[in-house]
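Per-entry structural report
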Amino acid sequence: MMQLHRRQFAIGPEQFCLNDTWTTYALGDSLWLSTCPDLHAIKATDMDGQDWYMLGHAVEALQKKSSPESEIARTTSDRVPDLCASWAGRWVLVGNGHLYLDACGLLGCFYGKDFEHRLWASSSAALLAQLVSPTRSLPTDPRQLTYEVGIAWYTPPYSRFEGISRLLPSQVLELQSGKLQPKLLVPDISLKRDYEDLLAEIQQVLLTTLKGLSEFSSQIWLGLTAGYDSRLMLALSQHANIQVQPFTRLTLRMSVADRVLPPQLVKASDFTHTFVSNQKRYPDRIGLAEAHTAGHVSRGDAEPLIQGARDRLRGISFGGHGFAIASGFSRLHALPERIVNTEETAKQIAKVFQEPADSSAVRGIQTWLNWTVSHPQPNLSWRDRFFLEQRQAGWLSSKEQLYDLTDLVRFPVLNSAYLYSLILSIRERKRLGSKLQEDLIKRLSPELAKYPYNPGDAYFSLLEIFASKSKDLPGYVLSKLSKKVRWMWNSLTLRY
């Protein structure tokens with residue numbers, strides 16, 4: 001049964017225990033950390049005796065290093081934050097009076113002050129709204145998020161609630177005062193490195209991350225399509241000899257390629273493929289999704305949860321989400337490389353996304369642009385930064401929080417600041433499209449590289465098209481027949 005506020009945390013001046021099941025840790029100076037029992041949490045003590053709390057799942061991405069908790073144990077308090085850049089996954093680090101986000105803030109943190117001007121922080125905007133204003137509802141942004149139309153997220157550093165902010169990945173939160181400290185979004189980006197050397201290191205970082213991930217669970221699921229990103233994850237799993245269970249979620253709108261190719265790819269890599277689908281809907285989950293995310297996820301993005309598509313899966317799931325950073329988020333390529341006026345640039349971004357110029361999203365983007373201009377990073381384009389701190393930290397982070405309601409734990413393999421710095425060290429002309437993924441697949445598994453990527457329906461025979469759709473989704477055939485009958489009826493009506 002899905003439970004509201006599952007896998008969330010709260011930090012504040014008082015202990016918070018939801019349904020008498022949450023665990024509470026004293027952080028000192030009247031500061032408490034409270035966590036849902038289903039949220040993975042590890043306590044580590046550094047060389048100076050300072051306690052640190054790792055919430056979520058973090059994996060060391062560098063082969064020469066050990067686990068995050070082991071590295072903390074051999075590091076002084078002032079140097080612990082330096083360790084975070086090479087941690088992959090979805091996590092938050094709390095210690096020494098500060099809170100640090102993962103590379104793209106995918107576990108996320110909202111913060112605000114109550115009527116007594118005391119700071120509260122939480123991964124859940126819904127939970128935080130109750131903590132800072134227990135007696136009355138906070139004013140909310142009236143903008144309704146629309147699936148795949150416009151800007152489908154509330155733009156950080158703002159949230160949907162007035163008075164509640166969202167921490168950016170390039171910010172560190174002081175837990176007593178609420179002050180923000182800037183930090184580098186990714187380690188140094190070097191545009192002088194050899195492409196083949198970068199490919200080799202990216203490959204090693206991804207392999208190390210996957211091996212670390214395999215220690216969390218014996219059930220590891222890989223969402224597989226006919227595209228580049230998930231095929232690279234399959235090639236990495238095969239190369240590292242990690243037992244994964246590739247699966248493909250069936251939907252009525254999916255392409256023939258996504259139905260036909262995944263089983264063939266899995267067979268070539270000696271794994272076993274599974275189709276998952278659930279054509280039922282659970283209307284009661286609509287309200288639960290709204291309450292859990294405080295409306296930070298559109299109805300369309302919540303639809304797989306409402307359908308229960310992954311309900312039968314247990315363990316950990318991963319995929320290649322995040323490789324869009326390699327293309328510099330192509331929607332923004334037409335915009336100037338240099339920000340001259342943040343207000344004008346914010347309006348230009350809105351126009352690219354077909355968002356109205358007077359939308360509240362524009363205000364958030366302009367505030368984010370002002371922060372970006374005030375805290376620049378060498379060789380990091382604002383367009384790449386938009387992908388990391390808006391699309392990922394704004395849209396994807398809320399979507400990931402929604403799926404905390406399920407038994408399946410989702411792990412973002414690519415979400416490592418160090419890995420992003422390697423990808424961004426490849427000059428833009430060489431990383432546009434999916435050349436990076438394709439080159440890595442060729443290195444790891446030449447056999448998988450032989451299959452086409454996202455081919456159109458014309459690539460397949462009529463028999464393959466019919467067999468894939470009629471076998472896996474009988475509803476597809478019925479819908480086609482229904483459309484044919486309606487077409488014939490309309491033709492007869494018009495004729496006579």
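Here, every reference points to the structure presented above.
So, here's what we can say about the structure. (Residues numbered from 1 in each chain as written. Predicted model: local features only at pLDDT ≥ 70, side-chain atom pairs only at ≥ 80, totals over all residues. Heavy atoms only, no water.)

**Quick notes on the sheet that holds strand 15 (residues 274–276)**
Put simply, the test is: Any two strands between which DSSP finds at least two bridges are classified as paired. By definition, any uninterrupted DSSP run of H or I lasting at least four residues is a helix, any uninterrupted run of E lasting at least two residues is a strand, and each is numbered from the N terminus. Comment: axis = line fitted to C-alpha atoms, over the contacting stretch for helices; angle = value between 0 and 180 degrees taken between N-to-C directions.
The strand order across the open sheet built from five strands is 15-14-13-16-17, with neighbouring strands paired in parallel fashion. The outermost strands of the open sheet, each flanked by one partner alone, are strand 15 and strand 17 (409–412). Adjacent strand axes in the sheet meet at a mean angle of 35°, parallel and antiparallel pairs treated alike. Bridging between strand 13 (residues 220–223) and strand 16 (residues 316–319) involves three bridges; their strand directions are parallel. Bridge assignment links I220 to a residue of strand 16, and that residue is I316.

**Describing empty space enclosed by the protein**
Here is the rule: Only protein atoms enter the calculation, which uses a 1 Å grid: trapped sets of points that fit a 1.4 Å probe without letting it out are cavities, open sets showing protein on both sides within 12 Å along at least five of seven lines are pockets, and any residue with an atom within 4 Å of a point is a lining residue. Grid points are joined across faces, edges and corners, and a volume is the space filled by probe spheres set on the points. Residues were grouped as follows: Ala, Val, Leu, Ile, Met, Phe, Trp, Tyr, Cys and Pro as nonpolar; Asp, Glu, Lys and Arg as charged; and all remaining residues, including Gly, as polar.
Applying the stated criterion across every chain, the model contains three cavities of 30 Å³ or more. Roughly 90 Å³ of internal volume is contained in the largest cavity. P304, L305, G308, A309, R310, D311, Y403, T406, L408 and R410 are the residues that line the largest cavity. Partitioning the lining of the largest cavity into residue classes produces five nonpolar, two polar and three charged. Empty space within the second largest cavity amounts to approximately 40 Å³. I42, K43, A44, W52, Y53, M54, P68, E69, I72 and L93 are the residues that line the second largest cavity. Of all the secondary structure elements, the ones that give two or more residues to the lining of the second largest cavity are strand 4 (41–45), strand 5 (51–60) and helix 1 (68–73).

**A closer look at the packing of aromatic side chains**
Operational definition: Here the aromatic set is Phe, Tyr and Trp, taking the six-membered ring for Trp, and pairing holds for ring centres within 6.5 Å; pairs whose planes are under 30 degrees apart are stacked, those over 60 apart are edge-to-face, and all others are tilted. Burial here depends on accessible area, computed with a 1.4 Å probe over protein chains only, as a share of the maximum for the residue type. Under 20% is buried, over 50% is exposed, and the range in between is partly exposed. Remark: a charge is flagged as sitting over a ring if the NZ atom of Lys or the CZ atom of Arg is within 6 Å of the ring centre and within 35 degrees of the ring normal.
A complete count under the given rule lists eleven aromatic pairs for this structure. Note on F16 and W22: the rings are 5.3 Å apart at their centroids and 85° apart in plane angle, and the pair reads as edge-to-face. Taken individually, F16 and W22 each receive the classification buried, so the pair is uniform in this respect. Linked through ring pairs, W153, F353, W368 and F386 together constitute an aromatic cluster. Over the ring of Y158 we find R363, and its NZ or CZ is 3.9 Å from the ring centre. Cation over ring: R391 sits above W395, and NZ or CZ is 3.9 Å from the ring centre.

**With respect to the pattern of salt bridges**
In plain terms, the rule: What counts as a salt bridge is simple: a side-chain nitrogen of Lys or Arg found within 4 Å of a carboxyl oxygen of Asp or Glu.
Inspection of every chain in the model, using the stated rule, returns 23 salt bridges. The shortest N-O distance in the salt bridge between R118 and E14 comes to 3.0 Å. Of this pair, R118 sits in the loop between strand 8 (110–113) and strand 9 (119–122) while E14 sits in the loop between strand 1 (9–12) and strand 2 (23–26), placing them 104 residues apart in sequence. With a shortest N-O distance of 3.6 Å, R143 and E355 are connected by a salt bridge. With R143 in the loop between helix 3 (125–132) and strand 10 (165–166) and E355 in the loop between helix 9 (342–352) and helix 10 (360–374), this pair connects stretches of sequence that are 212 residues apart. According to the relative accessible area criterion, R143 is buried, its value standing at 12%. Connected through shared salt-bridge partners, R6, D38, R314 and D407 make up one network.

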